[in-house]
There are 2 protein chains.
Amino acid sequence: MPPDTKTRILDAAETRFAEHGYSATSLRDITTLATANLASANYHFGSKSALLEAVIRRRVVPVNNERLRLLDELEAKVGSGRLDVEPVVRAFLAPVFQTTVESGFREPKFMQLVGRMHSETNSDFRDVFLRLFVEVGKRFGSAFSRARPEIEAGEVMWRLHFMIGSLAHTMVWERYVGEMLAPPARDRQELLGALTRFVVAGMRAEGVQSGETGSAAR
Amino acid sequence: MPPDTKTRILDAAETRFAEHGYSATSLRDITTLATANLASANYHFGSKSALLEAVIRRRVVPVNNERLRLLDELEAKVGSGRLDVEPVVRAFLAPVFQTTVESGFREPKFMQLVGRMHSETNSDFRDVFLRLFVEVGKRFGSAFSRARPEIEAGEVMWRLHFMIGSLAHTMVWERYVGEMLAPPARDRQELLGALTRFVVAGMRAEGVQSGETGSAAR
DNA sequence: GTCTATATGCGGATAGAC
DNA sequence: GTCTATCCGCATATAGAC
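On a predicted model such as this, the values are computed, not experimentally measured, just so you know.

Undergrad: Explanation requested: the protein's contact with DNA strand D in the structure shown.
TA: With respect to spatial proximity, 14 residues lie near DNA strand D, and among them Arg28 and Lys48 of chain A together with Thr5, Asn37 and His44 of chain B are the closest. Among all atoms of DNA strand D positioned within 4 Å of the protein, those belonging to sugar or phosphate total 51%. Leucine 27 of chain A is positioned with one of its backbone polar atoms (N or O) 2.9 Å from a phosphate oxygen of DNA strand D. Lysine 48 of chain A places a main-chain nitrogen or oxygen 2.9 Å from a phosphate oxygen of DNA strand D. Going through the elements one at a time, helix H2 (27-33) and helix H3 (38-45) of chain A together with helix H3 (38-45) of chain B are the ones with two or more residues in the surface near DNA strand D. Per-class residue counts for the surface near DNA strand D are five nonpolar, seven polar and two charged.

Shown next, in the form of C-alpha cells:
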C-alpha cells in the first residue's frame, strides 16, 4: 500500500471506477478502501469529478504519449514511403497492454479503467476523456488514411472507432467473459495478438464497392 | 406520446438509461420526463432495477430473436455445406440497425441503449443482459467456429467479442463522434455497411502463425 | 493533514387519501 | 391507478477541532 493518503485515494478511486463506474461509486466507498478519512478526498482533490479527472489523467496521459511516440518513430522510419496498417495498429493498441509504460500500473484494474473510459458516456467522464483523446484520434486518423488512401476518409474514421470499440469492450469484459461464454483463458500477449490480427484485417478490408449498400445481401 | 402511463415510463426510462446510464438516472427524472407521478414507477414496476429489466427485455428480446431467426434460416439454407462468414456477421449486426424489427423502435435512442447494454458493467444491468444474451452468444460462437474451422475456438470467441465491441462502441458514441473527430455524417445503412466490411475482414483474418506472438514486430 | 460532526440535498421506496 | 406526503438512508461537501 502506498504511503501517502493522496496516492492511496487515487488508487482506490481507480479500482472502484474501473469496477463499478463513476456514478455508482461513492467517495465513502473509495476512502474506506483507501483506509483514509472521508473528508480527505475533498481535501486532496476538491470534488468527486476532480478526483475522476486525476485518476484518468494519471493513466491516459502516459498511454497516449507512448502511442504518439511510437507513431512518430514509425513515421520517421518510413519517411515519405509506404505506411503499413499493421505497425499503426500496434502503435495504438500495444501501449495499453504494456504494463511498464510508467511504473505503478497494476493489472488488470488498469485495463478495465481504460475500457470504461472509452465506453462511459457520463458527461463528467466523457468531457475529461475527450479532451485527452482528441490529439491521438486526429494523429491516428491521419496515419490510417495515409496507410489506406483508397478508403474514403469518413470510413477510415469509423474504422478507428471500430478498433477502439473492440479494444474497449475487450478490456471491460475481459473478466466477465467466463460468465457469458466459455472463457478462452488467454494471457495478455495472446489477447493483444488476437485483437491485432482482427483489427489489422478490418483496416485492410476493401472499401464500399460500387452498387453495394449496407443492406445488400439480405 | 403513448397513452398509458406504464408505456410512457418505459419510454422515458429507455431514453434516460440510453443517455446517462442506469446509476446516473433517477426515478424522479424518469417520471418527470414521462409526465407521470413519482410513485407510479414503483406501482407499475416494483423497483428501479425491475424497471431496468423491463426496458432491456422490450428491446433485446426481439433483436435477439431476429438474430436467431436469421441464423436458423442461414443454417437451413446451407445444410451441411460450407458456411460463409459474411452472412453470419450480417445476421448478428443487421437486426440492430433494422428499425422495424418490432413496431415502436424510435431512433437513435434504441441504438444507444443497445450500445450501453453491451458496455455497462453495473451489476444490475449486466445480470439482466447476460441472461438474455447467453443463447445468442453460444449460437453465433458455434456458427463462427463452423465458418472458420482453422481458427482456434478461443480466438473465435474473442473475435465475437471484438465484433460486439465494435458494434457497441459505434452505437454509444455515434452521436458524440462529432465532438471528437470530424463527423463522417453517414446514414445508418452506410454505417452498417462499413461495420460489416470491417468485421467480416476481421473474422476472415488468419489465426496465429507459428512462432508469432502478440508482442512480435515490436 | 487528519479527524469528527454536521449541513444539505437527492435517492428509492411506501403509506394512505382519493 | 394516481396523487401527496413522508420515511429514511446515503450522497457530496464543508466547518472547525486537533
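Undergrad: I would appreciate a short explanation of the packing of helix H4 (residues 48-78) of chain B against helix H5 (residues 85-97) of chain B in the present structure.
TA: Two measures define how a pair of helices packs: the angle their axes make with one another and the distance between the axes. All names here are of chain B. Between H4 and H5, the least distance of the axes is 8 Å, while the angle of their chain directions is 155 degrees. Taken together, the axes of H4 and H5 are roughly antiparallel relative to one another. In the crossing of H4 with H5, the sense of the turn from one axis to the other is right-handed. Counting all contacts with H4, which are made through Val63, Glu66, Arg67, Leu70, Leu71 and Leu74, the residues of H5 involved are Pro87, Val88, Ala91, Phe92, Pro95 and Val96. Class assignment for the residues of the contact of H4 with H5 results in 10 nonpolar, no polar and two charged.

Undergrad: Explain the packing of aromatic side chains here, please?
TA: Two measures describe an aromatic ring pair: the distance that separates the ring centres and the angle between the ring planes. Counting across every chain of the model gives 12 aromatic pairs over all chains. Residues phenylalanine 92 of chain A and phenylalanine 133 of chain A carry aromatic rings whose centres are separated by 6.3 Å and whose planes lie at 90 degrees to one another, so their mutual orientation is edge-to-face. With a gap of 41 residues between them, phenylalanine 92 of chain A in helix H5 (residues 85-97) and phenylalanine 133 of chain A in helix H7 (residues 123-147) connect regions that are remote in the sequence. Of the two residues, phenylalanine 92 of chain A and phenylalanine 133 of chain A, neither departs from the other in class, the shared state being buried. Judged by centre distance (5.4 Å) and plane angle (20 degrees), the rings of phenylalanine 129 of chain B and phenylalanine 133 of chain B are stacked. Within this pair, phenylalanine 129 of chain B and its partner phenylalanine 133 of chain B are both found in helix H7 (residues 123-147), separated by four residues, close to a single helical turn. Judged by its relative accessible area of 1%, phenylalanine 133 of chain B falls in the buried class. Of the aromatic side chains, those joined through ring pairs into one cluster are Trp158, Phe162 and Phe198 of chain A together with Trp158, Phe162 and Phe198 of chain B. Seen from the ring of phenylalanine 92 of chain B, arginine 67 of chain B lies directly overhead, with NZ or CZ sitting 3.8 Å from the centre.

Undergrad: Please explain the protein's contact with DNA strand C as it appears in this structure.
TA: DNA strand C sits among 14 residues. The nearest are Thr5 and Asn37 of chain A together with Leu27, Arg28 and Lys48 of chain B. A distance of 2.8 Å is found between a phosphate oxygen of DNA strand C and a side-chain nitrogen or oxygen belonging to threonine 5 of chain A. A distance of 3.4 Å is found between a phosphate oxygen of DNA strand C and a side-chain nitrogen or oxygen belonging to asparagine 42 of chain B. Taken together, the elements giving at least two residues each to the surface near DNA strand C come down to H3 of chain A together with helix H2 (27-33) and H3 of chain B. Classifying every residue of the surface near DNA strand C gives five nonpolar, seven polar and two charged.

Undergrad: I keep staring at helix H6 (residues 109-119) of chain B and nothing clicks. Help me out?
TA: Residue pairs three or four apart in sequence face the same way in an α-helix, which turns once every 3.6 residues. Most of H6 of chain B is tucked away: 11 of the 11 residues are buried. Buried residues of H6 of chain B: Lys109, Phe110, Met111, Gln112, Leu113, Val114, Gly115, Arg116, Met117, His118 and Ser119 of chain B, and no others.

Undergrad: Could you clarify how one ought to interpret the side chain of arginine 159 of chain A in this entry?
TA: Turning to its location among the elements, arginine 159 of chain A is positioned in helix H8 (residues 153-173). In this structure the side chain of arginine 159 of chain A is engaged in a polar contact, spanning 3.0 Å, whose partner is the backbone oxygen of alanine 205 of chain A. With residues near it in sequence (within four places) discarded, arginine 159 of chain A still touches Arg148, Ile151, Gly202, Met203, Arg204, Ala205, Glu206 and Gly207 of chain A together with Arg197 and Phe198 of chain B.

Undergrad: Would you explain the confidence of the model for chain A in this entry?
TA: Close reading of the predicted structure is inappropriate where its pLDDT is low. Mean pLDDT over chain A works out to 86, with 84% of the residues at or above the 70 mark. Confidence over residues 214-218 of chain A falls short of pLDDT 50; this stretch has 10 contacts with residues more than four positions distant or in other chains.

Procedures and definitions
Residues numbered from 1 in each chain as written. Chains lettered and ligands numbered in written order. Predicted model: local features only at pLDDT ≥ 70, side-chain atom pairs only at ≥ 80, totals over all residues. Heavy atoms only, no water. Near = heavy atom within 4 Å. Polar contact = N/O pair within 3.5 Å; in protein donor to acceptor, adjacent residues only side chain to side chain. Helix = DSSP H or I, 4+ residues; strand = E, 2+ residues; numbered from the N terminus. Nonpolar A, V, L, I, M, F, W, Y, C, P; charged D, E, K, R; others polar. Axes fitted to C-alpha atoms, helices over the stretch in contact; angles between N-to-C directions. Parallel < 35°, antiparallel > 145°, perpendicular 65-115°, else oblique. Left-handed = near helix turned anticlockwise from the far one by under 90°. Contact = heavy atoms within 4.5 Å. Phe/Tyr/Trp six-rings, centres within 6.5 Å; stacked < 30°, edge-to-face > 60°. Buried < 20%, exposed > 50% of the residue type's maximum accessible area, 1.4 Å probe, protein only. Lys NZ or Arg CZ within 6 Å of the ring centre and 35° of its normal. pLDDT = per-residue confidence, 0-100.

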